[in-house]
Amino acid sequence: MMQEIKIVSKRFDIENSHTLEAVKTHGAYSWRDQLFEMTQDQIIEMIKQSGLRGKGGGGASAGDKWALMPLENEQKNILAVNCDESEPGTFKDRQIISKDPHLLIEGIICTCYAINANKAYIYIRGEYKQFQDILQNAIDEAYREGILGEKVLGDESFSLDVVIHRGAGAYICGEKSALLESMEGKRGHPRLKPHQKECEWYFGIPTLVNNVETIATVPFIIQNGADAYKAFGTEQSPGTLLFALSGHVATPGVYEVQFGTSMMEYINHYGGGIKNGKKLKAVIPGGASTKILTADEVQNAKLDYESMRALGSSLGTGGMIVMDEDTNMVEALKNLLEFYRHESCGQCTPCREGTGWVDTIIKNVLDGEASKDDLEKALEVSKTMNGQTICVFAPAASDVIDGFIHKFRDEFESYIQGGVS
Ligand SMILES: Cc1cc2nc3c(=O)[nH]c(=O)nc-3n(C[C@H](O)[C@H](O)[C@H](O)COP(=O)(O)O)c2cc1C
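Residues numbered from 1 in each chain as written. Predicted model: local features only at pLDDT ≥ 70, side-chain atom pairs only at ≥ 80, totals over all residues. Heavy atoms only, no water.

Student: I'm lost on the overall build of the protein chain in this one. Help?
Tutor: What the protein chain contains, in helices and strands, is 18 helices and ten strands. Relative to the compact-globule value of 22 Å for 421 residues, the protein chain shows a C-alpha radius of gyration of 22 Å, a close match. On the principal axes, the C-alpha backbone points of the protein chain span a range of 75 × 50 × 35 Å. Burial status across the protein chain gives 59% buried among its 421 residues. (Helix = DSSP H or I, 4+ residues; strand = E, 2+ residues; numbered from the N terminus. Rg over C-alpha atoms; globule rule 2.2 N^0.38 Å. Buried < 20%, exposed > 50% of the residue type's maximum accessible area, 1.4 Å probe, protein only.)

Student: Honestly, the site of the ligand in this entry has me stumped. Any pointers?
Tutor: Taken together, 18 residues lie near the ligand, and Gly 56, Glu 85, Asn 210, Asn 211 and Thr 214 sit nearest. Backbone polar atom of Asn 211 to an oxygen atom of the ligand: 2.8 Å apart, as the coordinates give it. In the model, an oxygen atom of the ligand is placed 2.7 Å from a nitrogen or oxygen of the Thr 214 side chain. Bound to the protein, the ligand loses 89% of the 610 Å² it would expose on its own. If one sorts the elements of the shell around the ligand by residue count, strand 5 (residues 205-211) sits on top with three residues. Its residues assigned to classes, the shell around the ligand shows five nonpolar, seven polar and six charged. (Near = heavy atom within 4 Å. Polar contact = N/O pair within 3.5 Å; in protein donor to acceptor, adjacent residues only side chain to side chain. Areas by Shrake-Rupley, 256 points an atom, 1.4 Å probe, with all protein chains shown as cover. Nonpolar A, V, L, I, M, F, W, Y, C, P; charged D, E, K, R; others polar.)

Student: Please clarify how helix 17 (residues 393-407) should be interpreted in this entry.
Tutor: For an α-helix the count is 3.6 residues per turn, leaving residues at separations of three or four pointing the same way. End to end, helix 17 covers 21 Å across 15 residues, agreeing with the expected 21 Å (1.5 Å per residue, within 8%). Burial within helix 17 is extensive, with twelve of its 15 residues counted as buried. Those residues of helix 17 that fall on the buried side of the exposure criterion are Phe 393, Ala 394, Pro 395, Ala 396, Ala 397, Ser 398, Val 400, Ile 401, Asp 402, Gly 403, Phe 404 and Ile 405. Tucked inside the fold, the buried residues of helix 17 contact strand 8 (280-284), strand 10 (319-324), helix 14 (329-343), helix 15 (349-366), helix 16 (372-384) and helix 18 (409-416). (Expected span 1.5 Å × (residues − 1). Contact = heavy atoms within 4.5 Å.)

Student: Would you take a moment to explain the pairing of strand 5 for this structure?
Tutor: Among the seven residues of strand 5, seven are classified as buried, and the element is accordingly described as predominantly covered. A two-sided burial pattern is seen for strand 5, the buried positions comprising Ile 205, Thr 207, Val 209 and Asn 211 on one face and Pro 206, Leu 208 and Asn 210 on the other. Sheet analysis places strand 1 (residues 77-83) next to strand 5, joined by five bridges and oriented parallel. Looking across to strand 5, one finds that Ile 78 is bridged to Thr 207. Between the end of strand 4 (residues 200-202) and the start of strand 5, which pair antiparallel, lie two residues, with Phe 203 showing a positive phi angle near 50°. (Pairing = 2+ DSSP bridges.)

Student: Help me understand the packing of aromatic side chains, please; the structure alone is not making it clear to me.
Tutor: Geometrically, a pair of aromatic rings is defined through the distance of the ring centres and the angle of the planes. On inspection of all chains with the given rule, the structure shows 17 aromatic pairs. A centroid spacing of 4.9 Å and a plane angle of 55° characterise the contact between Tyr 202 and Phe 203, whose relative ring orientation is tilted. Residue classification places Tyr 202 among the buried residues on the basis of a relative accessible area of 9%. Judged by relative accessible area, Phe 203 falls into the exposed class, the value being 52%. Ring centres 5.3 Å apart and planes at 35° place the aromatic pair Phe 259 and Tyr 305 in the tilted group. With Phe 259 in the loop between strand 7 (253-258) and helix 11 (263-269) and Tyr 305 in helix 13 (residues 305-310), the pair connects residues that are 46 residues apart, well separated along the chain. The two residues Phe 259 and Tyr 305 agree in class, both being buried. A connected cluster of aromatic rings, assembled from ring pairs, spans Tyr 171, Phe 339, Tyr 340 and Phe 393. (Phe/Tyr/Trp six-rings, centres within 6.5 Å; stacked < 30°, edge-to-face > 60°.)

Student: Could you clarify how one ought to interpret helix 7 (residues 129-144) in this entry?
Tutor: Helix length check: helix 7 (16 residues) gives 22 Å between terminal C-alpha atoms against 22 Å at 1.5 Å per residue, within 8%. Turning to helix 7, its buried residues number three or more, namely Phe 131, Gln 132, Leu 135, Ala 138, Ile 139, Glu 141 and Ala 142. For helix 7, the secondary structure elements touched by its buried residues are helix 1 (20-24), helix 5 (93-99), helix 6 (101-115), strand 2 (117-124) and strand 3 (161-166). Taken from the residues just after helix 7, Gly 146 is the one with a positive phi, measuring 75°.

Student: For this particular structure, what's the right way to read the state of the cysteines?
Tutor: In this structure the tally under the stated criterion is zero disulfides. Looking at Cys 173, it has no disulfide partner, and the nearest cysteine sulfur is the one in Cys 345, 8.8 Å off. Overall, the relative accessible area of 7% leaves Cys 173 in the buried class. Here Cys 348 is not cross-linked by a disulfide; its sulfur's nearest cysteine counterpart is in Cys 345, at 6.2 Å. Cys 348 gets classed as buried once you look at its relative accessible area, which sits at 13%. (Disulfide = S-S within 2.5 Å.)

Student: Where do I start with the environment of Val 358 in this structure?
Tutor: Tracing the sequence through the fold places Val 358 in helix 15. For Val 358, a relative accessible area of 0% gives the class buried. With residues up to four places along the chain from it excluded, the contact list for Val 358 reads Leu 337, Ala 378, Val 381, Ser 382 and Ile 401.

Written as structure tokens, this is what we have:
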């Protein structure tokens, strides 16, 4: 029997959970005194100790990133909350902002207090209009109740403004530096990375970029301590993640589980198993940009960063796409390639040209117009997309291409030999 743990989703089932009235009676903002009793350094140390890892795909230590923020500057820092969520298979952040927007506001207050910020932007995917409205209502409630604005929660020395910034529908704008370019009113192109670890910048102001779920986890840690969070999950992947489950399962949805949970148990318990009694064929484990796993690989797989890496894939955002025995892998790859081709920002040649080239080759495979050499060419082009670009969009696409063609090569070849109609 799986243990139910609810850290971020704890108030999702409360009636009217998107309103302040409903969540206030369930502990919202009750960590206030604990937060203001701590210094900024103490909070950052607590986040480090908790082992909280970024939940936007990379899994970097949140505390280490917070520690890069200058605390002594007279100029206040900025928090940018990443709610771009445009990757196929990833749909967890919208659960948070639609079901419990005050949890995100709580996390924003705790984070801004810790990193010396008095302004937070929530960069939201343009298509999330209805969720944006829910979030804006919650922000308005918070201003009316003295939770945001001057004297946050009655603290004389802390003011905070929260602004929603709507994206215009580009997947690349979820990449943290492209997001900041976009917020500055420019084209969403990723920036070159500095040689040394340093924080991001928005109009020259030190800025922290974190995912919605990362920020929404912070109030639990402030209120219950680092050890309480570490009590769940594994040593290197502590805590929980909201896993979005889609594809050929009986009950798709978003379910919070602790890291280290068995993937099969998760699919069977929450997803109700494979739909219509079919057999499992493959799983994309962490959103469309992670390498596909075969049914065999999934049998003993665990849902944590290290286990996924050991399988040559990654946990990404935890957006799991399940495929049954009837799934046509050539069509599935073609579908993903259309996405990559369309969403490449075009800044780097290997990405701009490579995504289009492989998409065309796989279209030819599907149309019965490709040779075995073409399949090799797809793999060769894919190789040139890895490690040659400013951001990890192209390397991720390359991993996806490799995974599909290498692991399901027979299917691709059967098209070439005219074996599948
Ligand atoms: C193409 C691309 C798209 C991304 N999209 C998102 C996104 O929608 N949301 C997100 O939080 N992180 C996204 N990321 C990761 C961000 O660059 C960044 O690592 C993350 O927002 C940091 O937050 P975290 O440390 O809390 O995970 C994306 C990265 C890439 C390369």
